[in-house]
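Secondary and tertiary structure notes
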Amino acid sequence: MKQFHYFASACCMVILMAAANLELYAQAPVKPAAGKILQDLKRLNVLGNVLYLAAHPDDENTTLIAYMANEKLYHTGYLSLTRGDGGQNLIGPEIRERLGVIRTQELLQARRTDGGHQFFTRANDFGFSKNPEEVFSIWNREKLLADVVWVIRNFKPDVIITRFPKDSRAGHGQHSASSILAEDAFVAAADPKRFPEQLKYVEVWQARRLVWNISSWAFKDPKEFEKITPSLLKVDVGVYNAMLGKSYGEISAESRSMHKSQGFGSTGTRGSSFDYFQHTLGVPAKTDLFEDINTSWTRVKNSSKVEQAISRAIAAYNAANPSAIVPELLSARTELEKLPESFWKQRKLDELQEVIKESLGLYMEATASTYSVTPGASLQVQVEVINRSKVPVQLRRISFPFRGSDSSLNASLENSQGKKFKASVNVPLNTDISQPYWLKQKDSLSLFFINNQKDVGLPENNPEAKVSLTLGIGNQTFTYTLPVLYKHNDPVYGELYQPLSITPPVFANIAENVYMFSGQEPKQITVFIKAGKANIKGSVALKLPQGWRSEPAAIAFNIDTDQAEQTANFNLYPPTDASEAEIQAIVNLDGKDYSKGINVINYNHIPVQVLFPGATAKVVKLDLVKKGSKIGYLMGAGDEVPRSLQQIGYEVTLLKDADINTENLARFDAVITGVRAYNTLDRIGFYHSKLMEYVKNGGNMIVQYNTYSDVKTNPGPYPLKLSTDRITVEGAEVRFLQPDHAVLNTPNKITPKDFEGWVQERGLYFPNQWSKEYQAILSSNDPGEKPLDGSLLVAKYGKGNFVYTGLSMFRELPAGVPGAYRLFSNLISLGK
């Protein structure tokens, strides 16, 4: 199912980072089985940290993370430099920041599956790069190094593991950059002279070793890898975990399959499977990654009584009655509290508190009656708590969100006798809206802007609305903090949870992201005004750049019901000359201006995400002539090209299975396949013969990029071979190989100016071999590399024309790049 709508002390800081994947970030409250409780219990006696470090969502070795977190019971983290904003999306149209939000949540779901913890830097994934020199010409190396050092100083890994080599074998400049930064940070994190401003929150930290998780994919000849394996440290990560009932290969597949936007559904494996490690920095290890690292309680002075109490609890654990060990756990907590403040004291107090809750079968949740609320409004909150054990538990206090005082209760929680408490709370007017913290300010190509140092590294926002429950267990006091979630029942999926959103009182969504004007005629600009609360009344206007004009100047609205909408239609008139600019919808409500839209991302494998983008749209006046009007579009992995073509007057029909026949296709001036259609459509082999017949009979077909590795059938009428060839520098020079070809001359005269202002890249996965029937139209290359001529191939076939292009039109058209529209119109106009 998918729906998309446009609408303190150093120690405390350590725990904030380390706890990033505890229940505060989970959606449905966790209800562990007896085997998982025993595993968490055993973890209490393991004091070791390991950090995996790479560049993107999906770069991580989920088998190794699952093994380290669940077999070795180390506190295991994954630091991804980016959120994957620059990639492609196989499940929907979201790209850039919206895709980064999806991939962030996919990583969090992966970590909930494999037991790891997730961290990020502020790096903005600007797309594919070929070497680290290019990467660091865009990324601010020193700022990203500071972020990596910050995570290391917080997380305190004993071992740091990189995924990639520093050289070209990494296959991506950002991959190489991640390992370069890891080496730099390994040293810098221990140096008090590096980033001293961090030291008011954290302490310096020296990891014991840095290793590369080396694999055969880094070698062109697998035999070269085989030669060096005897010298490498190896670990069998394929073992079976009886407490979880799965091998780590099976857990890994479940984790990796969370990367659905990248099409990474995986099949589990069973049996021995070895990972290999090459020493990089620090003290070398010969047989074990944690060789000569003390991971027992003896690394904490005077902690023997803590270890003994935990060991007694492990020995006495009864899966049929986990609560029987609570007295020993309380004893361990008493001894732990006596120790001086330290990283491990606080970490183990948090873990111990969770294990006690699990052992009691203690269920706690805080839910809201609605999924959104505005500052200044009231919110109905319900707390449910139940003790499912014979151990006496007292509910002493409840602290509801946004209240300055607690509610004292001293209620006894008897075995299986649940209690519910309700309260109405007022959300303060100064409460921040629930915009992801890295999107609160406009980003740059290289970095997201983050004002609060303590936010760096966090995977997502801390919840604005939280409930604290103070419990008495034995003679000890515990405080559990719960995020307030919206819970509802879906008739198909049953009980569902989603984050509570703090929203503005009104939203304005402009219907399109880009408006293209090829003449002087006005276009209708529709603004959807949506209420964030009931009974709002005001007006909306367009803030316009110089030379543009709208009618009317402003439109009044009056909305009675929360979440209801009203539309406002403006006629926008372009200037005479070519122009690229931005318009903004401004809503005036109660004397205050608002200019945020609302964007809901809803896929069933991640929690619902609500974003508040600026209420803006790009407007472009361009010199454009087009021929033909009817386009058949066969969607592939998902893109916004059809909407872009509609912007310049084409009538676009999204083709379905029944539409792919000779008679129906003949009515189109052009048939276009969406990105990766030849990778993702199961029936593309059947469609292909019909499409080629359409071309042969005089049709015009345009095939956009496909990846080389999983093409289901040759996409053209003649042989061509796809490759990994790509041009990552969006401003790379473009040369005309066939300057007199119709593609470059009719109906629009294409010049080098048409290749200015492109975004992210020129194109990707170009053919590198093709038969003589194809004509290569363009040549280009990244700096210092050989020319690539496969970005745009055109061939006559029968009476028609066939075009294959790896140019990234799926990025350029939605971004409103004028030259891309002019060139694409020429491709559509071939033969007209």
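Reading the values: the criteria
Residues numbered from 1 in each chain as written. Predicted model: local features only at pLDDT ≥ 70, side-chain atom pairs only at ≥ 80, totals over all residues. Heavy atoms only, no water. Helix = DSSP H or I, 4+ residues; strand = E, 2+ residues; numbered from the N terminus. Rg over C-alpha atoms; globule rule 2.2 N^0.38 Å. Areas by Shrake-Rupley, 256 points an atom, 1.4 Å probe, with all protein chains shown as cover. Lys, Arg positive; Asp, Glu negative; His and termini not counted. Charge placed at Lys NZ, Arg CZ, Asp CG, Glu CD. Buried < 20%, exposed > 50% of the residue type's maximum accessible area, 1.4 Å probe, protein only. Pairing = 2+ DSSP bridges. Right-handed = clockwise from strand over helix to strand, strands pointing away. Salt bridge = Lys/Arg side-chain N within 4 Å of Asp/Glu carboxyl O. Contact = heavy atoms within 4.5 Å. Axes fitted to C-alpha atoms, helices over the stretch in contact; angles between N-to-C directions. Parallel < 35°, antiparallel > 145°, perpendicular 65-115°, else oblique. Left-handed = near helix turned anticlockwise from the far one by under 90°. Phe/Tyr/Trp six-rings, centres within 6.5 Å; stacked < 30°, edge-to-face > 60°. Lys NZ or Arg CZ within 6 Å of the ring centre and 35° of its normal. Expected span 1.5 Å × (residues − 1). Arc of directions from axis to C-beta. Polar contact = N/O pair within 3.5 Å; in protein donor to acceptor, adjacent residues only side chain to side chain. pLDDT = per-residue confidence, 0-100.

**Let's talk about the overall build of the chain**
The secondary structure content of the chain amounts to 18 helices and 43 strands. What you see for the chain is a C-alpha radius of gyration of 29 Å, in line with the 28 Å of a compact globule of 832 residues. Along the longest, intermediate and shortest principal axes, the C-alpha atoms of the chain span 85 × 75 × 55 Å. When the accessible surface of the chain is totalled, it reaches about 32800 Å², and 49% of it is carbon and sulfur. The distance from the centre of the 92 positive side-chain charges to the centre of the 87 negative ones in the chain is 2 Å.

**Brief notes about helix 2 (residues 34-43)**
By the criterion of burial, helix 2 is predominantly enclosed, with seven of the 10 residues buried. Within the sequence span of helix 2, burial applies to Gly35, Ile37, Leu38, Gln39, Asp40, Leu41 and Arg43.

**What about the pairing of strand 5 (residues 159-162)?**
Alternating residues of strand 5 divide into Val159 and Ile161 and Ile160 and Thr162, and every residue in both groups is buried. With four bridges connecting them, strand 2 (residues 49-54) and strand 5 associate as parallel partners. Along strand 5, the bridge assignment pairs Leu53 with Thr162. Across four bridges, the pairing between strand 5 and strand 6 (residues 209-212) is parallel. When the sheet's bridge partners are listed, Thr162 is paired in strand 6 with Trp212. The handedness of the strand 5 to strand 6 crossover, carried by helix 7 (residues 173-188), is right-handed.

**Considering the pattern of salt bridges**
Pairing between side chains of opposite charge can happen when their charged atoms approach one another. Within the structure shown, the criterion is met by 39 salt bridges. Here Arg122 makes a salt bridge to Asp147, at a shortest N to O gap of 2.7 Å. Highlighted residues: Arg122 in the loop between strand 4 (117-120) and helix 5 (132-138) and Asp147 in helix 6 (residues 141-155), separated in sequence by 25 residues. With a closest N to O distance of 3.0 Å, Asp167 and Arg169 form a salt bridge. Residue Asp167 is classed as partly exposed on the basis of its relative accessible area of 34%. One salt-bridge network, held together by shared partners, links Lys36, Asp40 and Arg43.

**Notes on the environment of Asp40**
Counting through the fold element by element, Asp40 comes out in helix 2. By relative accessible area, Asp40 is classed as buried at 10%. Note: C-alpha distance between Asp40 and Arg122 (82 residues apart in sequence) is 32 Å. Beyond its immediate sequence surroundings of up to four residues, Asp40 is in contact with Val355 and Glu358.

**Details of the sheet that holds strand 34 (residues 651-654)**
Spatial strand order, 34-33-35-36-43-42-40: seven strands in an open sheet with mixed pairing. The open sheet has two free edges, formed respectively by strand 34 and strand 40 (775-776), since each of these has just one partner strand. Of the strand pairs in this sheet, strand 33 (residues 630-634) and strand 34 are connected by four bridges, and their pairing is parallel. The residue of strand 34 that forms the bridge with Ile631 is Val652.

**Focus on the packing of helix 4 (residues 97-114) against helix 9 (residues 248-256)**
In contact at an axis separation of 8 Å, helix 4 and helix 9 are set at 160° when each is read in the N-to-C sense. With respect to helix 9, the axis of helix 4 lies roughly antiparallel. In terms of crossing hand, the pair formed by helix 4 and helix 9 is right-handed. Taken together, the residues of helix 9 that come into contact with helix 4 (itself represented by Ala110, Arg111, Thr113 and Asp114) are Ile251, Glu254 and Ser255.

**Notes on the packing of aromatic side chains**
One pass over the structure, following the stated rule, counts 24 aromatic pairs. Centre to centre, the rings of Phe343 and Trp344 are 4.9 Å apart; their planes meet at 85°, and the pair counts as edge-to-face. Grouping residues by exposure puts Phe343 and Trp344 together as buried. One aromatic cluster is present, built from ring pairs that chain together Tyr705, Tyr708, Tyr765 and Phe810. Directly above the ring of Phe219 sits Arg169, whose terminal nitrogen or CZ lies 5.6 Å from the centroid. The ring of Tyr765 carries Arg726 above its face, with NZ or CZ at 5.3 Å from the centroid.

**Brief notes about the sheet that holds strand 21 (residues 506-510)**
If you walk across this open sheet you meet the four strands as 21-23-27-25, and the pairing is antiparallel. Two strands lie at the open edges of the sheet, namely strand 21 and strand 25 (549-551), each paired on one side alone. Across the sheet, the mean angle from the axis of one strand to that of its neighbour is 30°, orientation sign disregarded. As judged from the eight bridges shared by strand 23 (residues 523-531) and strand 27 (residues 565-573), these two strands associate in the antiparallel manner. Paired with Ile529 across the bridge in strand 27 is Gln566.

**Overview of unusual backbone geometry**
Residues Glu551 and Pro552 are joined by a peptide bond in cis, for which omega reads -10°. Cis geometry is found at the peptide bond from Thr746 to Pro747, where omega equals -5°. With respect to the helices and strands, the residue Pro747 is situated in the loop between strand 38 (734-736) and strand 39 (763-770). The backbone phi angle of Phe195 is positive, close to 55°, even though this residue is not glycine. You can see Phe195 is positioned in the loop between helix 7 and strand 6. According to the relative accessible area criterion, Phe195 is buried, its value standing at 8%.

**Concerning the environment of Ala564**
Tracing the chain through its elements places Ala564 in the loop between strand 26 (554-559) and strand 27. A C-alpha to C-alpha distance of 8.4 Å links Ala564 and Ile529, two positions 35 residues apart in sequence. With near-sequence residues (within four places) excluded, Ala564 lies in contact with Ile529, Lys530, Ala531 and Ile559.

**Quick notes on helix 10 (residues 304-316)**
Over its 13 residues, helix 10 runs 18 Å from end to end, which matches the ideal 18 Å to within 8%, given 1.5 Å per residue. Within helix 10 the residues assigned to the buried category are Val306, Ala309, Ile310 and Ala313. Projected down its long axis, helix 10 carries its buried residues within an arc of 95°, all on one side. Exposed side of helix 10, more than 90 degrees from the buried face: Lys305 and Ala315 are the residues found there.

**As for the environment of Trp548**
Structurally, Trp548 is set in the loop between strand 24 (536-543) and strand 25. Classification of Trp548 as buried rests on a relative accessible area of 6%. Along the sequence, Trp548 and Tyr573 sit 25 residues apart, while their C-alpha atoms lie 5.8 Å from each other. Residues in contact with Trp548, not counting those within four places in the same chain, are Phe517, Leu572, Tyr573, Pro574, Pro575, Ser579, Ala581, Val619, Val620 and Lys621. Engagement of the side chain of Trp548 in a polar contact is seen with the side chain of Ser579, the distance being 3.3 Å.

**Let's talk about the confidence of the model for the chain**
Put simply, the chain has an average pLDDT of 93, and 97% of its residues get 70 or more. Scored below 50 in pLDDT, residues 1-26 makes 98 contacts in the model with residues more than four places away or belonging to other chains.

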